[in-house]
Amino acid sequence: MACRDGLPLSRIRNSRQEQQQQQEADEEVLVPHQELPNGTQPMEVVPAEPAATVENQPVEDPPISRFTWTIENLSRVNSKKLYSEVFVVGGYKWRILIFPRGNNVEFLSMYLDVADSGVLPYGWTRYAQFSLSVVNQIHNKFTIRKETQHQFSARESDWGFTSFMPLGELYNPSRGSIPLALQSLFYKLQYNDSSVSTKELTKSFGWDMHDSFMQHDVQELNRVLCEKLEDKMKGTVVEGTIQQLFEGHHMNYIECINVDFKSTRKESFYDLQLDVKGCQDVYASFDKYVEVERLEGDNKYHAEQHGLQDAKKGVLFIDFPPVLQLQLKRFEYDFMRDTMVKVRISAILKPILFNSNLTLQCTRNLLADRNVRNLYTLHSVLVHSGGVHGGHYYAFIRPTLSDQWFKFDDERVTKEDAKRALEEQYGGEEELPQTNPGLNTTPFKFTKYSNAYMLVYIRESDKDKIICNVDEKDIAEHLRIRLEKDREEKERRKKEKAEAHLYTIIKVARDDDLTAQIGKDIYFDLIDHEKVPSFRIQKQMPFTQFKEEVAKELGIPTNCQRFWLWAKRQNHTFRPNRPLTPQEEAHTVGQLKELVNKAPNAELKLFLEVELGPDLKALPPPDKTREDILLFFKLYDPEKEQLRFVGRLFVRAAGRPMEILPKLRKMAGFSQDEDVELYEEIKFEPNVMCEYIDNRLLFRSCQLEDGDIICFQKSPKPDNPDQYRYPDVPSFLVYIRNRQVVHFRALEKPKEDDFCLEMSKVFTYDEVVEKVAEKLGIDDPSKIRLTSHNCYSQQPKPQPIKYRGVDRLLDMLIHYNQTSDILYYEVLDIPLPELQALKTLKVTYHHATKDEVSVHSIRLPKNSTVGDVLNDIKSKVELSNSNAELRLLEVFYHKIYKIFAPSEKIENINDQYWTLRAEEVPEEEKNLGPFDRLIHVYHFTKDTQNQTQVQNFGEPFFMVIREDETLSSIKERIQKKLKVPDEDFSKRNMYGAWEQYLGLEHPDTAPRKAHTANQNRHSFERPVKIYN
């Protein structure tokens, strides 16, 4: 696997740009333990299997090990760099190196280091594929893990990530701490003069950007957040605060009418869900909440030792909390339309009133303490605007319970009067005033989509404790200090941004940078400017003064500096073009930047030419005439497959390449009688162009100019042309341009890398499957079937790649405008061309008399029919009798959607998203009368915490309804079919349109399984989850 973002420590420069491409993390992102800022913060390194293409790889499996480094009080460490203790893997000594405050970047820098590199023999090398992690001790979701690989050597004894993770995330204790994030949010709300972002709070929930913009149910979020805060407060001085504020109690009871039996259960609540449909005010909603339900007839209650009995079922309130939260049930399930709908109040009815003063009298809480006066004042109204599948929340609040209301709508806060806050949030319809009252026209009505969804009341007797002023002395000192530091840092960044137009960035590349990058990070061109030293310089600074700054920073006297401008050529290469003139150096930095690059935010990129004497001290640059050409040289070693920068030379345009061969041999360490071949590296986009140079021609005749690149090597031996994979520079550069490390995963385990292969993007389909078959030890490559990767869903694509269906490997990896490095493979039992002539269906068979389900893979010619499928299944399963008839059903989301006709062709049947179910046709369905009905029965349950969410489950089935059959008879037959005891079946409710379907509402007691993608598509809102 090629290392795309590792940097050797010895070649790190003063760049504050991010220097690594973010690699895909495991399943988790990582930060240290945030609730304990000074807690231990482990880091781990996991050396893993090296790739199969590494030279000198041992035959036996390489060792795999894990090392964990625990650092006490990392936030107090003042050292610039820190080494772990030495550990041994594979007989070699290693250690981890970190820069706690960053290696000249605002990131934690972390590397794997060869611990004994200073005492190893000359020419040593060591290969490792490894991952580095910073482990979050609160939740693995925030563990950051990055992988890379490297061939370590004396020159590169460390490798890793200069920008591993932002220091702000590493040392921010609020990340992952919900209470601290809330404290920070409220502090900013109190003291900031502008709107406050909630990003820090949602990050503490463990949410990513997708979670933050997903619609959630606000009442559910409120409950989950309170539960999390309760848990965080345990063992602290504020333990129990949530319960004291929001917790009330009621008693559920069932009392038999004819026998002496009563069942009661005390329950607590943080909020109450009240019906609004058919209710004129909050009092009416409370009356409906405590309304007594009679259990009689088919719905009798099963009392212990008394059997089925008529009974009364109801709720009695025991006590109410100081802060009363009421959710108005605006959503309900419409069984006729099989969907959720929003309850809107008709304009004909009196609108529901949100009583500003609410007295909960004894008639509504018979068990409550009569000495407590439950008089409540309305504090806030939370409004939902929109429909079932989406919308927007905002709130009307009066923070001090005065007559002044405020509307909080994202970052906008506006004053509102009581009429708008209350009377206009009823929902229903509204009439527009007539523009011409004299005309007898029908008034125009429109539906109001904004409806009050939650009401928050505060008890009068407790309001002084709850609505109280908070000043600085009430805020913990450590919190004030931290938040003030955050504010100062924000101001610093703001000032820096405001003054950015006064500065420019100058990037200075030198020979050392070319040596560090060529052959490691880059192969084409000369430099990646993101990884060279940068200087932030005031535009008004004279360029001569900038040279003095460079002298201080790099130790190069100003008279020994010659700067060259870079230029982008028409062939998309980027090369040094010409040196700055004395007149240009007389300008200010800003003037010079405007002369060479007029783009507003462009950086000034320069190459610093420094000539060194025999004592390696800097010398003044030699005079340059128009006849002098500056050339850069790379050396290629076909045995090691290595390309590296070895230096630069000035040559005369009238000279010949053969004249500089002695110097090149000296640069490369060759003997002076070694034959050398030269090639000019011309371009690499869209294809590599690297041409042979005739040593006898003039440089002028070769059309060489300043900034051109010459690659040279030993001349290949004619007696052994196949000695090396890439014998010359052009073939090696073509390989580099097209090489691709592909991660192969077994299709049945799509989350786990099985093995990696280095391939070329121009490999044909046959070459790719041959490589995979060779790796797997499969004799017939045509039995390998590949599937491409979906870059958006991070899953295999639904359809595999057809036999020779793509021309090149690159076509397999491209998904829209993105390129993946993942392919999925299967090993087939027959060659893929034969399989493609067949249709394969996965069918589940449900036995008629036994509680057995079996899954069968049916493979038939594409022109076969459903009848052929059923005949094939008959030969594989046990039937209840030899004359049994089978049928094929299409099931989706635990509902039956279709009965396939036996004559239907199977070619277009899709079993990727729907379940195909085969079963025997019951005898009762074979002889239907003219008025009999065959209806569809399915199971569903309502979410216990959110009644607006309905989830289907279990196995649906068909039921014959006879012409004059009673409901009790139908229930008996369903109970018999489901084999459910009387007590359990009496608790099931039935809904439906009798001519079409019947829904059975009851709890899902089956073991929980992860829902498949197609089962989740009907969820209306994502369940709220707070991970920390």
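Model, not experiment: these values are computed from the prediction.

Asker: Can you explain the environment of V456? Please cite residues and give values.
Answerer: Considering the arrangement of structural elements, one finds V456 in strand β27 (residues 450–459). Residue V456 is classed as buried on the basis of its relative accessible area, which comes to 18%. A C-alpha to C-alpha distance of 5.8 Å links V456 and L324, two positions 132 residues apart in sequence. Non-local contacts of V456, meaning those with residues more than four positions away in its chain, are made with V323, L324, Q325, T377, L378, H379 and S380.

Asker: Just give me the short version of the environment of L565, but keep the residues and values in it.
Answerer: Within the element layout of this structure, L565 appears in strand β30 (residues 562–568). For L565 and L606, which are 41 residues apart along the polypeptide, the C-alpha to C-alpha distance reads 5.1 Å. If we ignore the near neighbours within four places in the chain, the residues touching L565 are R575, P576, N577, R578, L580, V596, L604, K605 and L606.

Asker: I'd like to hear about the packing of helix α2 (residues 178–191) against helix α5 (residues 218–233), residue by residue, with values.
Answerer: Close contact between α2 and α5 brings their axes to 9 Å; oriented N to C, the two are set at 110°. By the angle class used here, α2 and α5 are roughly perpendicular. Together, I178, P179 and L182 of α2 and L225, K228, L229 and K232 of α5 make up the contact between the two elements.

Asker: Could you give me a rundown of the pattern of salt bridges, with the residues and numbers involved?
Answerer: Counted by the stated rule, this structure contains 51 salt bridges. Put simply, E826 and R785 hold a salt bridge, and the shortest N to O gap is 2.9 Å. You can see E826 sitting in strand β46 (residues 822–827) and its partner R785 sitting in strand β42 (residues 784–790), a full 41 residues away along the chain. As far as the burial class goes, E826 and R785 line up, both buried. Counted as one network, the salt bridges with shared partners bring together D525, R569, R575, E705 and D708.

Asker: Which residues make up helix α7 (residues 282–289), and what values do they have?
Answerer: Listed in full, the buried residues belonging to α7 are V282, Y283, S285 and F286. Angularly, the buried residues of α7 cover 160° about the axis, an arc narrow enough to put them on a single face.

Asker: Which residues make up the sheet that holds strand β38 (residues 689–693), and what are the values?
Answerer: Judged by pairing direction, the sheet is mixed, and its five strands sit side by side in the order β36-β35-β39-β37-β38 without closing on themselves. Every interior strand has two partners, whereas the edge strands, β36 (642–652) and β38, have only one. Put simply, the sheet's adjacent strands are angled 30° from each other on average, direction ignored. Note that strand β37 (residues 676–683) and β38 share five bridges and pair antiparallel. Bridging from a neighbouring strand, K683 pairs with M689 of β38. Taken strand by strand, helix α15 (residues 661–668) contacts β35 (628–637), β36, β37 and β39 (708–714), and its axis lies near 150° from that of β36.

Asker: Help me get a handle on the environment of Q244, residues and values and all.
Answerer: You can see Q244 is positioned in helix α6 (residues 241–246). By relative accessible area, Q244 is classed as exposed at 56%. Along the primary structure Q244 and P321 are separated by 77 residues, whereas in three dimensions their C-alpha atoms are 7.2 Å apart. Once residues lying within four places of it in the same chain are set aside, the contact partners of Q244 are E239 and P322.

Asker: Talk me through unusual backbone geometry; I want residue IDs and the actual numbers.
Answerer: Where the residue is not glycine, phi is negative for most of them; where a peptide bond is considered, it is trans in most cases. Omega for the peptide link from E685 to P686 comes to -5°, which places this bond in the cis form. Backbone geometry at D525 places phi at a positive 60°, although glycine is not the residue there. Summarising the element assignment, D525 is placed in the loop between α11 (511–517) and β29 (534–538).

Asker: Outline the side chain of H856, supporting the account with residue identities and numerical values.
Answerer: Its location among the elements puts H856 in strand β48 (residues 853–861). Given the relative accessible area of 14%, H856 is considered buried. A polar side-chain atom of H856 sits 2.9 Å from a polar atom in the side chain of S854. With residues up to four places along the chain from it excluded, the contact list for H856 reads L841, K842, V843, Y845, K876 and V877.

Asker: Describe the packing of aromatic side chains, and please don't skip the residues or the numbers.
Answerer: A full pass over the atoms with the stated rule returns 36 aromatic pairs. Residues F535 and F546 carry aromatic rings whose centres are separated by 5.6 Å and whose planes lie at 90° to one another, so their mutual orientation is edge-to-face. One end of the pair, F535, is in strand β29; the other, F546, is in helix α12 (residues 543–554), and eleven residues separate them in sequence. Summarising the burial analysis for this pair, F535 and F546 share the class buried. Seen from their ring centres, Y726 and Y735 are 4.3 Å apart, and the 20° between their planes marks the pair as stacked. When sorted by exposure, Y726 lands in the same class as Y735, which is buried. Taken together, the aromatic side chains of F269, F286, Y289, F317 and F320 make up a single cluster linked through ring pairs. Sitting over the ring of F164, K146 keeps its end group 5.4 Å from the ring centre. Cation over ring: R536 sits above Y503, and NZ or CZ is 3.9 Å from the ring centre.

Conventions and cut-offs
Residues numbered from 1 in each chain as written. Predicted model: local features only at pLDDT ≥ 70, side-chain atom pairs only at ≥ 80, totals over all residues. Heavy atoms only, no water. Helix = DSSP H or I, 4+ residues; strand = E, 2+ residues; numbered from the N terminus. Buried < 20%, exposed > 50% of the residue type's maximum accessible area, 1.4 Å probe, protein only. Contact = heavy atoms within 4.5 Å. Axes fitted to C-alpha atoms, helices over the stretch in contact; angles between N-to-C directions. Parallel < 35°, antiparallel > 145°, perpendicular 65-115°, else oblique. Salt bridge = Lys/Arg side-chain N within 4 Å of Asp/Glu carboxyl O. Arc of directions from axis to C-beta. Pairing = 2+ DSSP bridges. Polar contact = N/O pair within 3.5 Å; in protein donor to acceptor, adjacent residues only side chain to side chain. Phe/Tyr/Trp six-rings, centres within 6.5 Å; stacked < 30°, edge-to-face > 60°. Lys NZ or Arg CZ within 6 Å of the ring centre and 35° of its normal.

The values are spatial; any link to function lies outside them.
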